[in-house]
Each structure stands twice: as structure tokens, then as C-alpha cells.
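Each chain is listed here by its residues.
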Amino acid sequence: MSLDFLSPRPTAQAPARSPMVPGAARAGAVTEIRDGWEVIASFGDPAGEAAACRESVGFADVSPLPKVEVFARPGGEFVAGTATRVGEGWRCPVRPERTLLLGEAVTGAAGITGVRTCDLTGTLAALVVAGPAARETFARFCALDLREAVLPVGGFRPGSVARTPGFLLRDDRDRFLVLFGAAFSEYVWEVVADAAARLGGRPVGADSLPATKTEAARA
Amino acid sequence: MSYVLTCPNCGPREVTDFGFGGEVTTRPSGHPSPRELNTYIYFRRNVAGPQREWWVHRSGCGAWFLAERDTRTNEVKWTALPEDAPGAATPDPVSSGEAR
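### Considering the side chain of Arg157(A)
Here is step 1: You can see Arg157(A) is positioned in strand β11 (residues 156–161).
Here is step 2: There is no salt bridge for the buried Arg157(A), and the closest opposite charge comes from Asp145(A), which lies 7.9 Å off by N-O distance.
Here is step 3: Side-chain polar atoms of Arg157(A) contact the backbone oxygen of Gly81(A), separated by 3.2 Å.
Here is step 4: Aside from chain neighbours lying at most four places away, what touches Arg157(A) is Gly81(A), Leu144(A), Val150(A), Leu151(A), Gly166(A), Phe167(A), Leu168(A) and Arg13(B).

Structure below.
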């Protein structure tokens with residue numbers, strides 16, 4: 001294990017870095033600085049990455065996704081296990097008094113006063129697992145029932161993922177977003193890579209992800 | 001040994017998702033004697049049969065809830081948030097004097 005992190009070299013830019021970047025870099029990741037984050041843009045093979053997402057399974061680090069936790073008793077009814085789409089983001093109910101806002105839904109937290117909010121963007125890492133074999137990939141390290149009849153699009157499940165506490169959201173028919181503690185990132189990356197490789201899958205860059213959304217999800 | 005518990009918020013999950021919080025006890029009120037405090041802290045009924053217990057959904061929503069589980073068979077009769085739990089049926093060791 002390298003101890004380089006103890007003596008960081010000063011640079012003109014100091015981007016936030018997902019803990020999955022080192023593992024991805026060993027797999028040939030090409031990173032770019034976007035919105036203050038070092039983002040895994042691709043793995044140098046856009047056609048291969050798109051094919052993996054289309055034919056088997058691709059997984060991508062999306063840790064820069066904004067995540068905010070809101071603690072408040074909402075006026076509306078608490079519907080466990082069902083997230084609500086807010087633009088390109090999601091509002092995910094965890095408990096009656098605890099809600100997780102993802103992506104564009106975070107902007108809705110800006111105007112909230114009188115409740116406790118907590119930015120979890122750096123605390124929770126995130127992976128998108130997409131493709132026809134995505135469910136089969138999860139079946140190798142996660143006991144959650146992901147059948148479409150049980151977990152339709154928008155289904156949200158707090159639970160154990162690869163034996164670590166996490167959250168799982170089905171954000172499209174063959175596309176899942178999984179959130180877990182950033183400290184477990186390298187381990188989870190390895191677990192997912194191992195499971196996906198046996199199904200013909202591979203890591204993909206963030207640039208390949210828009211193509212994994214169906215028309216319904218884009219609308 | 002594994003079995004399934006139902007989180008009141010998240011639904012059924014394997015028991016490894018949860019943390020065990022021990023059997024339900026009643027905190028002594030007023031000015032408890034050292035013997036009562038000692039009993040409250042160190043003594044448990046440890047029944048062989050249905051027992052009311054605290055659990056926490058550690059890997060999920062993080063909620064603490066109550067469950068009634070048969071300690072001989074691990075059959076879970078019900079789970080509920082504290083405010084929704086059925087009336088107390090488990091005598092606590094302090095008031096029942098069983099632990100003395």
C-alpha cells in the first residue's frame with residue numbers, strides 16, 4: 001500500500017477524487033477534471049464500453065453525483081422503497097424522517113430551512129451498473145431481490161451490498177445506481193469488477209453512461 | 001445460522017443486515033438502589049422461547065425497532081417500530097425479580 005497520500009504534492013488544481021480512481025487507473029482509465037472532480041471519462045475504448053453496456057454489463061464510477069441527506073418529517077406520506085424522479089435526480093425516502101436527495105434533486109434542498117441537512121457527496125461513493133446482465137451481476141454479491149416485479153424503475157432499497165451498508169436504486173430498466181461508504185470503494189470496485197468480468201462485463205467511463213438510458217428515462 | 005428479519009421501513013432482509021440490541025428491559029425509575037442498578041445493567045432473562053428484542057437495521061435505513069423472536073427456533077413473530085409495537089408482554093428482570 002502506498003503512503004503517498006500522506007504527503008500530497010501541491011498542484012494548481014486540487015480536484016476531489018473518488019477512491020475508485022486508483023483501481024480504475026490500473027484498468028486503463030482516462031480521467032478528466034470536471035466540476036472540481038477527477039472523473040473517469042472513459043477507458044480508451046468507447047465502442048467496447050458501449051458494447052458492454054448493450055450486450056452484457058458495464059459499471060462506472062459516478063461518485064461526483066451530488067448527495068444530500070435531509071432529516072425532517074415531511075408533510076406527505078412516507079412510501080418506503082419508492083424513489084421519486086426530480087428532473088435528472090431522485091428523491092429517495094429512507095425512513096419517515098430521513099430522505100436522500102440525489103443529483104438534480106439536491107437543488108430542492110437549497111431552500112429548505114429549519115431542518116437538518118447533511119452533504120454526503122464525499123461520504124458515499126456511487127457506481128452505476130448497466131446492461132442486460134446487471135441484475136445477474138448483483139446476484140453474485142448482493143441478496144436484494146432485483147426482479148422487475150419486485151423492484152420496478154424508481155425502486156429504492158437500503159441494504160447490504162457486498163456485505164457493506166448501502167443503498168440501491170433502479171434508475172432505469174437495466175440500470176442500477178448503488179451507493180456505499182466511500183471508504184469501501186476500492187473493495188466494492190474489485191467485487192463488482194470480479195462479478196462483471198465473469199459475465200463478459202467491464203468498467204466503463206462516465207461518457208458511456210448516457211447511452212445506457214432508455215428513452216423513457218430521458219423523457 | 002441465517003434467517004430473515006423484516007425491517008419496518010425496508011421490508012424483509014437477511015439477518016446479517018441487522019445488529020442485535022439485546023432483549024427489551026425497563027430502565028429503573030426514581031432513585032434505584034445499587035442492587036436494582038446492578039440487576040438492570042448486568043442481568044438478563046435469557047429466555048428459551050418468545051423474547052422481545054431490540055434490533056437495528058445497520059446496513060439499511062439505520063432504524064431501531066422491536067421484534068419478538070423465539071430464541072429456540074429463530075422464528076420471528078413480528079417486528080415493529082417502538083411506537084407501533086403491540087403491548088408489552090415481556091416482564092423485565094428488575095420488576096419480576098427473576099434476576100435476583
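### As for the pattern of salt bridges
All names here are of chain A.
Here is step 1: In the structure shown here, the tally under the stated rule is 18 salt bridges over all chains.
Here is step 2: Measuring nitrogen to oxygen at the nearest pair gives 3.2 Å for the salt bridge that ties Arg202 to Asp45. Here Arg202 is found in strand β14 (residues 202–203), whereas its partner Asp45 is found in the loop between β3 (37–42) and α2 (46–55), with 157 residues between them in sequence.
Here is step 3: Relative accessible area serves as the criterion here: at 22%, Arg202 is assigned to the partly exposed category.
Here is step 4: Between Glu136 and Arg140 there is a salt bridge, and its shortest N-O distance comes to 3.6 Å.
Here is step 5: According to the relative accessible area criterion, Arg140 is partly exposed, its value standing at 43%.
Here is step 6: Bridged by salt links that share partners, the residues Glu32, Arg34 and Asp207 form one connected network.

### Re the nonpolar core
Here is step 1: Counting 33 residues, the largest nonpolar core has Leu100(A), Leu102(A), Phe156(A), Leu177(A), Leu179(A) and Trp55(B) as its most contacted members.
Here is step 2: Secondary-structure elements contributing two or more residues to this core are β7 (89–95), β8 (98–102), β10 (124–130), β12 (164–172) and β13 (175–181) of chain A together with β1 (4–7) and β5 (64–70) of chain B.
Here is step 3: It is β10(A) that provides the largest number of residues to this core, a total of 4 residues.
Here is step 4: Both domains that meet at this core, namely domain 1 (4–66 + 122–205) and domain 2 (69–119) of chain A, each give it at least three residues.
Here is step 5: In this structure, Phe156(A) is in contact with Gly81(A), Thr82(A), Ala83(A), Cys92(A), Pro93(A), Val94(A), Leu100(A), Leu151(A), Phe167(A), Leu168(A) and Leu169(A), ignoring residues within four places of it in sequence.

### Section: the packing of aromatic side chains
Residues and elements named next belong to chain A.
Here is step 1: Evaluated as defined, the whole model comprises 8 aromatic pairs over all chains.
Here is step 2: Plain terms: the ring middles of Phe59 and Trp189 are 4.9 Å apart, the flat faces sit at 70° to each other, and that makes the pair edge-to-face. Pair noted here: Phe59 is in strand β4 (residues 58–61) and Trp189 is in helix α4 (residues 185–197), with a separation of 130 residues, a long-range link. In this pair, the class of Phe59 matches that of Trp189, namely buried.
Here is step 3: Members of the aromatic cluster, each reached through a chain of ring pairs, are Phe43, Phe59 and Trp189.

### Notes on the interface of chain B and chain A
Here is step 1: Between chain B and chain A, the contact holds 13 residues from the first and 16 residues from the second.
Here is step 2: It is Asn9(B), Arg13(B) and Ser59(B) that lose the most area in chain B upon contact with chain A, and together they represent 45% of the buried surface on that side.
Here is step 3: In this assembly, chain B and chain A are joined by 1 salt bridge.
Here is step 4: Between Glu14(B) and Arg163(A) there is a salt bridge, with its nearest N and O atoms 3.8 Å apart.
Here is step 5: The tally of links between chain B and chain A comes to 8 residue pairs in polar contact (both at pLDDT 80 or more).

Thresholds applied
- Residue positions are given per chain, counted from 1 along the sequence in the order it is written.
- Chain A is the first chain written and ligand 1 is the first ligand written, with later ones labelled in order.
- In view of the model being predicted, local features appear only for residues whose pLDDT reaches at least 70, and side-chain atom pairs are presented and counted only at 80 or more, with totals across whole chains, interfaces and linings using the full set of residues.
- Note that the side-chain values use all heavy atoms of the structure and ignore hydrogens as well as water.
- The secondary structure listing takes helices from DSSP runs of H or I that are at least 4 residues long and strands from runs of E that are at least 2 residues long, numbered from the N terminus.
- For every residue, the accessible area (1.4 Å probe, protein chains only) is compared with the maximum for its type, and the residue is labelled buried under 20%, exposed over 50%, or partly exposed between those bounds.
- Under the counting rule used here, the positive set is Lys and Arg, the negative set is Asp and Glu, and His together with the chain ends is not counted.
- By definition here, a salt bridge exists when the distance from a side-chain nitrogen of Lys or Arg to a carboxyl oxygen of Asp or Glu is within 4 Å.
- Think of a polar contact as two N or O atoms within 3.5 Å of one another; within protein, one of them needs to be a possible hydrogen donor and the other a possible acceptor, and neighboring residues in sequence only count if both atoms come from side chains.
- Contacts are assigned to residue pairs with any non-hydrogen atoms lying within 4.5 Å of each other.
- Residue types Ala, Val, Leu, Ile, Met, Phe, Trp, Tyr and Cys, when buried and joined through side-chain atoms within 4.5 Å, form a set referred to as a nonpolar core.
- Each domain's extent is set by a domain assignment, obtained either automatically or from a database.
- Side-chain rings of Phe, Tyr and Trp, where Trp is taken by its six-membered ring, are said to pair if the distance between their centres is within 6.5 Å; with planes under 30 degrees apart they count as stacked, over 60 as edge-to-face, and otherwise as tilted.
- A quick way to say it: buried area is the sum, across both parts, of accessible area lost when two parts are put together, with a 1.4 Å probe.

Keep in mind these values describe shape, not function.
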